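An overview of the molecular structure
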Amino acid sequence: MAGATGYVGDALTRLLASRGASVAAHVRPDSPRLAEWRARCAAARAAADATPWDEDAMAAALAARRPAAVYALLGTTRRRGDGYEAVDYGLTSLLLRAAVRAARDTGTTPRVVYLSAVGADADSRNPYLAVRGRVERELRASGLPWVSARPSFITGPDREESRPAERIAATVTDAALFLPRMIGARRIADRYRSTDAEELARALARLGVDGEGIVTGELLRHG
């Protein structure tokens, strides 16, 4: 699972491990919190994987593990130096290429579960949505079965990283969606309402098994 140290990835790691799944939670080998994440994974009965962000190394690790599902939950914020292009797109694209190579070498067909965003579009002027649209385009061309979950705001009081602007926007959006829900426009309300890590993790867990389970936002599926 790439992005296992993020808000959603941490929740999903704990959930899958609690259900008896064999979970390899990826942690950057140069992370200053590597020891902490190793301990947290061990406590959750998951394996911390510190494979370098190198396509050959990642392909070899995936080939050795032969996972049934590859979760791509990577994301950063605009204020960080790496930016959307390097992390949200670059590392996710590298992971997908590695998964394709591992599948070819082992004869397996893991399902790729990608955490995208509502409104993802490769042609969008919004860089956050554009990189997710580009990843989805590569998913379509990968030849692997895949699912792309497109939630709206992902937020909650339990989030370690403070994002006050996002919390405010989610609160305002949820309030604005009250009227559409009351007049029967439930699908629109569900598409744009916010969700927290625990709710989204439950949906992503089901998506990894049978391609079903999204409860908020949009869902794209192939295979």
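The structure this text deals with has already been given above.
All of the points below concern the structure found in this document. Just so it is clear, the model here is predicted, and its values are computed rather than measured.

So, the overall build of the chain
- Across its full length, the chain holds nine helices and six strands.
- Scored against the burial criterion, the 223 residues of the chain give a buried share of 47%.
- Taking the intrachain contacts of the chain between residues at least 6 apart in sequence as the baseline, contacts between residues at least 24 apart amount to 63%.
- Of the roughly 11,200 Å² that the chain leaves accessible, carbon and sulfur atoms contribute 53%.

Quick notes on the packing of helix H3 (residues 55–65) against helix H4 (residues 83–106)
- One way to put it is that H3 packs onto H4 with a least axis distance of 8 Å and a crossing angle of 45 degrees. The angle between the axes of H3 and H4 places the two elements in the oblique class. Judged by the twist between their axes, the crossing of H3 over H4 is right-handed. On the side of H3, the interface is formed by Glu55, Asp56, Met58, Ala59, Leu62 and Ala63, while H4 contributes Leu94, Leu95, Arg97, Ala98, Ala99, Arg101, Ala102 and Thr106.
- Among the residues making up the contact of H3 with H4, the classes are represented as nine nonpolar, one polar and four charged.

Considerations on the packing of H4 against helix H5 (residues 127–142)
- Viewed as axis vectors pointing N to C, H4 and H5 meet at an angle of 10 degrees, and their least axial separation amounts to 9 Å. In terms of their interaxial angle, H4 and H5 are classed as roughly parallel. Note on element contacts: H5 touches H4 through Pro127, Tyr128, Val131, Arg132, Arg134, Val135, Glu138, Leu139 and Ser142, opposite Tyr84, Glu85, Asp88, Tyr89, Thr92, Ser93, Leu96 and Val100.
- Taken together, the residues that form the contact of H4 with H5 break down as nine nonpolar, three polar and five charged.

Quick notes on the packing of aromatic side chains
- Scanning the model with the defined rule gives one aromatic pair in all.
- Cation over ring: Arg40 sits above Trp37, and NZ or CZ is 4.0 Å from the ring centre.
- A cation over an aromatic ring shows up here: Arg134 above the ring of Tyr89, its NZ or CZ 3.9 Å from the ring centre.

Focus: the environment of Leu115
- With respect to the helices, strands and loops of the structure, Leu115 is situated in strand E4 (residues 111–115).
- Look at Leu115 and you get buried, because its relative accessible area is 8%.
- C-alpha separation for the pair Leu115 and Glu136, spaced 21 residues apart in sequence, amounts to 10.0 Å.
- Ignoring anything within four residues of it in the chain, the contact list for Leu115 reads Val8, Ala72, Leu73, Arg132, Ala149, Pro151, Ile154 and Leu200.

Comments concerning the side chain of Asp49
- Within the secondary structure, Asp49 is located in strand E2 (residues 47–49).
- Among the residues examined, Asp49 registers a relative accessible area of 13% and is labelled buried.
- Within the structure, the side chain of Asp49 is placed 3.5 Å from the side chain of Arg65, a separation counted as a polar contact.

Some remarks on helix H1 (residues 7–18)
- Compared with an ideal rise of 1.5 Å per residue, which puts 12 residues at 16 Å, H1 spans 17 Å between its outermost C-alpha atoms and is within 8% of the ideal.
- Burial within H1 is extensive, with 10 of its 12 residues counted as buried.
- Turning to H1, its buried residues are Tyr7, Val8, Gly9, Asp10, Ala11, Leu12, Thr13, Leu15, Leu16 and Ala17.
- Directly beyond the C-terminal end of H1, a positive phi value near 90 degrees is found at Gly20.

Concerning the nonpolar core
- Core analysis: the largest hydrophobic core is formed by 26 residues, its most contacted members being Met1, Val8, Leu12, Leu16, Tyr71, Leu73 and Leu204.
- Within the residue set of this core, elements represented by two or more residues are H1, E4, strand E5 (146–150) and helix H9 (197–210).
- If one sorts the elements of this core by residue count, H1 sits on top with seven residues.
- When neighbours within four sequence positions are excluded, Leu73 is seen to be in contact with Met1, Ala2, Gly3, Gly9, Leu12, Leu115 and Leu204.

Procedures and definitions
- Residues numbered from 1 in each chain as written.
- Predicted model: local features only at pLDDT ≥ 70, side-chain atom pairs only at ≥ 80, totals over all residues.
- Heavy atoms only, no water.
- Helix = DSSP H or I, 4+ residues; strand = E, 2+ residues; numbered from the N terminus.
- Buried < 20%, exposed > 50% of the residue type's maximum accessible area, 1.4 Å probe, protein only.
- Contact = heavy atoms within 4.5 Å.
- Areas by Shrake-Rupley, 256 points an atom, 1.4 Å probe, with all protein chains shown as cover.
- Axes fitted to C-alpha atoms, helices over the stretch in contact; angles between N-to-C directions.
- Parallel < 35°, antiparallel > 145°, perpendicular 65-115°, else oblique.
- Left-handed = near helix turned anticlockwise from the far one by under 90°.
- Nonpolar A, V, L, I, M, F, W, Y, C, P; charged D, E, K, R; others polar.
- Phe/Tyr/Trp six-rings, centres within 6.5 Å; stacked < 30°, edge-to-face > 60°.
- Lys NZ or Arg CZ within 6 Å of the ring centre and 35° of its normal.
- Polar contact = N/O pair within 3.5 Å; in protein donor to acceptor, adjacent residues only side chain to side chain.
- Expected span 1.5 Å × (residues − 1).
- Core = buried A, V, L, I, M, F, W, Y, C linked by side-chain atoms within 4.5 Å.

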